[in-house]
Amino acid sequence: MQFRQQALAKLQSPEELDLPVRLARPQGWLVLAVTVVALAAASVWAVTGSVASTVSAPAILTHGEGSYLLQSPVAGQVTAVLAEEGARLPANAPVLKVRTAEGETTVRTVAAGRITALAATLGQIISTGANVAAVEKVAHAGDPLYATVYVPAENAAAIPAHAAVDLTVQTVPAQRYGVLRGHVKSVDRAAQSAQAIGAFLGDSQLGEQFTRKGRPVAVTVALDTSSRTKSGYRWSSADGPPYTLASMTLATGSIRLADQHPVDWLLP
């Protein structure tokens, strides 16, 4: 009988519009609000945000025009060594004297520069075209240094103009003095062979070293200067190392690539 009365009451007011209905608890509203805000922020970042990435590659400090290998124009015996390693010579300066069947010939520099290596010794028998010295093209002691970073070819297209570069120099303790600062000056259009790199640096072994993982693209980096440091260049630390930098010093360059927009990853 009691059940029948409840059923009749239900029929008289089936919707129970006068009773309050709880849609969600306060905790549920809080979770929903946080989720909506997070989704909105992610959507905005996907459209306007960017992801920065870098590429690291071997590098070397040189003067801007590189080096060249001085070759003997004749075959014969070296009778005199007229230059020393480290000496800075003008163009057409004597380096060696070679005795041939026709007489004595003087081997001279092609362009002004600094002798970085002498391959010929007194009394040595050399052939025509033999490499007798490596000469770095630098006319003045104050000529600035540059860094050449040999980047994998697949990363070269993503390097923007004037990109920031951090250089970890082999002769400078990075934990104490930090990294050397610079920016991209130019990016070569074609990958370089070991022979081309060796000719530019005046060292065939370096050409082989920089091409072990494939033919790289040379990126020329201008070093940021500073009048407050001993080296004359800007470092991530306040003062940098308490000594100057020498050319032909190996380093590792970290170049910032063009920013990538996340939304691009989702597009076909």
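Further up the page is the structure itself.
So, here is what we can say about the structure in this document. (Residues numbered from 1 in each chain as written. Predicted model: local features only at pLDDT ≥ 70, side-chain atom pairs only at ≥ 80, totals over all residues. Heavy atoms only, no water.)

### Looking at the layout of surface pockets
Looking at the largest pocket, its volume works out to about 310 Å³. Every residue lining the largest pocket is counted, 16 residues in all, and those nearest its centre are P58, Q209, F210, R212 and K213. Those elements that provide at least two residues to the lining of the largest pocket are β1 (54–63), β10 (145–152), α3 (153–156) and α6 (204–210). Per-class residue counts for the lining of the largest pocket are eight nonpolar, four polar and four charged. (1 Å grid on protein atoms, 1.4 Å probe; cavity = no way out; pocket = protein on both sides within 12 Å on 5 of 7 lines; lining within 4 Å. Points joined across faces, edges and corners; volume = space filled by probe spheres on them. Helix = DSSP H or I, 4+ residues; strand = E, 2+ residues; numbered from the N terminus. Nonpolar A, V, L, I, M, F, W, Y, C, P; charged D, E, K, R; others polar.)

### Considering the nonpolar core
Grouped burial of nonpolar side chains is what soluble globular proteins tend to show. Counting 26 residues, the largest nonpolar core has V149, L167, L180, L245 and I255 as its most contacted members. Listed by contribution, the elements that provide at least two residues to this core are β1, β10, β11 (164–169), β12 (180–187), β13 (216–223) and β14 (249–256). The contact partners of L245, leaving out residues within four places of it in the chain, are L61, L145, V169, V172, L180, S231, Y233 and W235. With 18 residues, the next largest nonpolar core counts V74, A83, L96 and V107 among its residues. (Core = buried A, V, L, I, M, F, W, Y, C linked by side-chain atoms within 4.5 Å. Buried < 20%, exposed > 50% of the residue type's maximum accessible area, 1.4 Å probe, protein only. Contact = heavy atoms within 4.5 Å.)

### What about helix α5 (residues 194–201)?
Listed as buried for α5 are A194, I197, G198 and L201. Along the axis of α5, the buried residues cluster in a sector spanning 100°; they form a single face. Looking at the buried positions of α5, the neighbouring elements they touch are β1, β2 (67–71), β10, α6 and β13. Backbone geometry just after α5 places G202 at a positive phi near 70°. (Arc of directions from axis to C-beta.)

Function cannot be read off these values alone, since they describe shape.
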